[in-house]
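Chain and residue survey
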Amino acid sequence: IALADALLAERSLPIPERVATLVLRARAYELTGDLERSIVDLEGALALDVGQARVWNELGLVSADAGRVERAIAAFERAVQVDPRFARGWNNLGNALRGTGRIAEAIRAVERATVADPAYALAWANLGALRREGGDDTGAESALTSALALAPDHVGALMTLGGLLRDRSDLANA
């Protein structure tokens, strides 16, 4: 943090390096548990360059950790607005929406993650869990099967699929 402070004190530090330094210091604050200072630095970085999808995503993650769910949703929405192919942003948006009970919106967001990156196993696993939560067991099974094709040891996908098969009384495959 002290090194970042020293770099940021340099008036001649170019904007890209200033943004990177703010993000690094934000991560350091996050690791120490000072989420509010982390948020301030991430917002400072975005004030210098609003076109950073990954910084918007990081702001969403830290905001969610700080209990600011609506702020997190807004940050994830901005991340995917800046970069519509940013699969992690879509997946994180879906997770945040799920936390507010907005399952249909969450499903749409995580579906966008799987379109943006068809090899993103975590998104497929999350989509399966969301579809199951939304009552679409067939869609859930399909998404979970996709997750396991990409990551056969994905514990979350295995557990969700096992629960689905158990509830269906398909114990031989559970």
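Structure: above.
Computed from a predicted structure; not experimentally measured.

Glancing now at the side chain of Asn91. With respect to the helices, strands and loops of the structure, Asn91 is situated in helix α6 (residues 87-99). Once you skip the residues sitting within four places of it in the chain, Asn91 turns out to touch Val110, Ala113, Tyr120, Leu122, Ala123 and Asn126.

This paragraph deals with the side chain of Glu58. Its place among the elements puts Glu58 in helix α4 (residues 53-65). The exposure class assigned to Glu58 is buried, which follows from its relative accessible area of 12%. Not counting chain neighbours up to four residues away, the residues in contact with Glu58 comprise Arg27, Glu30 and Leu42.

Right, let's get into the packing of helix α8 (residues 121-133) against helix α10 (residues 155-167). For the pair α8 and α10, interaxial distance at closest approach is 9 Å and the crossing angle is 30 degrees. The orientation of α8 relative to α10 falls into the category roughly parallel. In the crossing of α8 with α10, the sense of the turn from one axis to the other is left-handed. Only Ala157, Thr160, Gly163, Leu164 and Asp167 of α10 make contact with α8, whose side of the interface consists of Ala125, Ala129 and Arg132.

Conventions used here
- Residues numbered from 1 in each chain as written.
- Predicted model: local features only at pLDDT ≥ 70, side-chain atom pairs only at ≥ 80, totals over all residues.
- Heavy atoms only, no water.
- Helix = DSSP H or I, 4+ residues; strand = E, 2+ residues; numbered from the N terminus.
- Contact = heavy atoms within 4.5 Å.
- Buried < 20%, exposed > 50% of the residue type's maximum accessible area, 1.4 Å probe, protein only.
- Axes fitted to C-alpha atoms, helices over the stretch in contact; angles between N-to-C directions.
- Parallel < 35°, antiparallel > 145°, perpendicular 65-115°, else oblique.
- Left-handed = near helix turned anticlockwise from the far one by under 90°.

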